[in-house]
Amino acid sequence: MHNFTQLIGAVAAALVVHSVFLFIKSRFFSPIRDLPGPRGSSWIFGSLKEISKNEEAITQEQWVQEYGRTYKYPALFHKNILFTLDHKALNHVLMHHYVYQKHAASRFHFTRIVGPGLLVAEGDHHKLQRRVMNPAFGPAQVRDLTETFIDKSLELKDVWSSQIVNGGGTAKINALDWISKMTLDVIGLVGFNYEFNTLKENGESNKLAQAFATIFGDLDMEKAKYQPWTVLQTLFPILRALPPVKIPGLDSAQETMGKIGEELLHDSKEALQNSGDDIRNLKSKDLLTLLVKSNMNGEPSQRMSDEDVLARESLFSSAGRLPSTGTTWALFGLVQHQDVQKKLREELCTMATDNPTMEQLNSLPYLDAVVKESLRLYAPVPSVLRVAAQDDVIPLSHPLKDKKGVEHHSISIAKGQTVIVPLLALNRDKATWGEDAMEFKPERWEKVPEAATSVPGIWGHMMTFLGGPRACIGYRLSLIEMKALLFVLIREFEFELAVPSEEIIKKTMIVQRPRVKSEPEGGTQLPLLVRACQKD
């Protein structure tokens, strides 16, 4: 007991010394110490709790109004984070990915959820994984998967139609829940040729489906986020060798995914061997099989281990959850703008087929505009963090004045400086998109503002899928799946919000999802009133 008390005392003393060190370093020695920004309300958490109380981008946008487009704000123990909406600065950070890497603490916590893989890899390891995975996410592969997206969307349509009949013409449906089931079924089929069958209303949920639903659903990470032990592991890398705060259901779900994942990997290797190394002979062209084939074709020194390949299953799944969130937010925009919903429906009904190809989906301009506007205004991931691996100088497209009135055309960065890439705040930046940037207006895509052409995103003049060498590898897949869902659902149904719009709030758990403010126990949800469309 005496030794334990000494240990606690030593940890507490180390924490105090460390916090004082960070405060002195940020206050008196950091190159960005003279930038404007909020002071922070907490010695321990800085301004983080202010950010967590609201939707993340709202607080950041308020600070932009007060401190300008580039500022600093204090995080744990007042270690400053650099925030900027400057396009040139953000392009520099994203393109120099060997310099600006993922935050080690973020990688540690994120690895707990999705495992080691492309999302947390850095340097040459990331380059190797990206090279092996690229063939599985090309346009030709997405074209082949479009039929699956449509088939599962039609299956979801049949489920909702049945509920509408049983409801006497109107059904109250949690759109997020059902769309998540649909995308989970798609993940199983296109990811690794596995049938989840979660859309079967009376079907049994298999163990792997339950595991994925646990990890990519409503994991209660918020309670663990500010636990003392979590804070200590964030601050002291040596403590990350010890078990973290437990998240209910996570360990058993990961164990299930690991066991079944090994079986699926074995099946994919066997299928490739039986095909005679000719992919045209394969019965299935799921992403895992394509990944295994790409990996086997490389030089032995340039191949990923089985552990790395298994981690890709979590990548497929986390990437596959973006369409469910994106489509749900698109419906949220459409129920608040019935004129947009009607206009979209009219365009979709001009298509003569119920089973469009990828090219046909991409030929619908208003559908494309609605998808772009939804992903701009409701980006599923609000921000990402990067940490400088060395001293650097970040260029600015517009000069700034620090607290002493000195004008800067660039920002000097010290090794270890954290920079936030504010995806959602930049997507909604009025200087880029105009005074109506906070409004849902698909028509804005008829003529993209000149200022938006320099946004350093990989797609659509926005930051939703990031940019540079670490941009989202599965963005094409996400876009076509979203279009397939909206194509089927908007043609068939009319949607209204089942609660007042001010009741819908956002909660970030890997991705940003809707909740009902007065129903916190209900978890993430978007309750809609759904009726069959009145067709001429």
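Definitions and limits used
Residues numbered from 1 in each chain as written. Predicted model: local features only at pLDDT ≥ 70, side-chain atom pairs only at ≥ 80, totals over all residues. Heavy atoms only, no water. Pairing = 2+ DSSP bridges. Helix = DSSP H or I, 4+ residues; strand = E, 2+ residues; numbered from the N terminus. Axes fitted to C-alpha atoms, helices over the stretch in contact; angles between N-to-C directions. Contact = heavy atoms within 4.5 Å. Left-handed = near helix turned anticlockwise from the far one by under 90°. Nonpolar A, V, L, I, M, F, W, Y, C, P; charged D, E, K, R; others polar.

Visitor: Please explain the sheet that holds strand β3 (residues 100-102) as it appears in this structure.
Guide: One key point about sheets: their strands pair by backbone hydrogen bonds, in either a parallel or an antiparallel sense. Pairing in this open sheet of 5 strands is mixed, and the strands run β1-β2-β8-β5-β3 from one edge to the other. Of all the strands in the sheet, just β1 (70-74) and β3 have a single pairing partner and so form its edges. Averaged over all adjacent pairs, the angle separating strand axes in this sheet is 35°, with direction ignored. Here strand β2 (residues 80-84) pairs with strand β8 (residues 418-421) via 3 bridges, running parallel. Paired with I81 across the strands is T418, a residue of β8. Each of β1, β2 and β8 is contacted by helix α3 (residues 56-67), which is oriented at about 125° to β1, the strand it contacts most. Its contacts with the sheet put helix α4 (residues 87-95) on β2, β3, β5 (384-388) and β8, and the angle it makes with β8 is roughly 110°.

Visitor: I keep staring at the packing of helix α7 (residues 139-166) against helix α8 (residues 175-192) and nothing clicks. Help me out?
Guide: When two helices pack together, their arrangement is captured by the angle between the axes and the distance separating the axes. Contact geometry of α7 with α8 gives a least axis separation of 10 Å together with a crossing angle of 145°. Of the two elements, α7 crosses α8, and the hand of that crossing is right-handed. Of the residues in α8, those in contact with L145, T148, F149, K152, S153, L156, V159, W160 and Q163 of α7 are A175, W178, I179, M182, D185, V186, L189 and V190. Taken together, the residues that form the contact of α7 with α8 break down as 12 nonpolar, 3 polar and 2 charged.

Visitor: Can you help me understand the sheet that holds strand β9 (residues 493-497) in this one?
Guide: What the 3 strands build is an open sheet, ordered β4-β12-β9; its pairing is antiparallel. Lying at the two open borders of the sheet, with one neighbouring strand each, are β4 (171-174) and β9. Across the sheet, the axes of successive neighbouring strands diverge by a mean angle of 40°, strand direction being ignored. As paired elements, β9 and strand β12 (residues 527-532) share 5 bridges and run antiparallel to each other. Within the sheet, the bridge partner assigned to F493 lies in β12 and is A532. The strands that α7 touches are β4, β9 and β12; relative to β9, the one it contacts most, it runs at about 70°. Relative to β9, helix α20 (residues 475-492) is tilted by about 90°, and along the sheet it contacts β9 and β12.

Everything listed here is a matter of geometry and, on its own, says nothing about what the molecule does.
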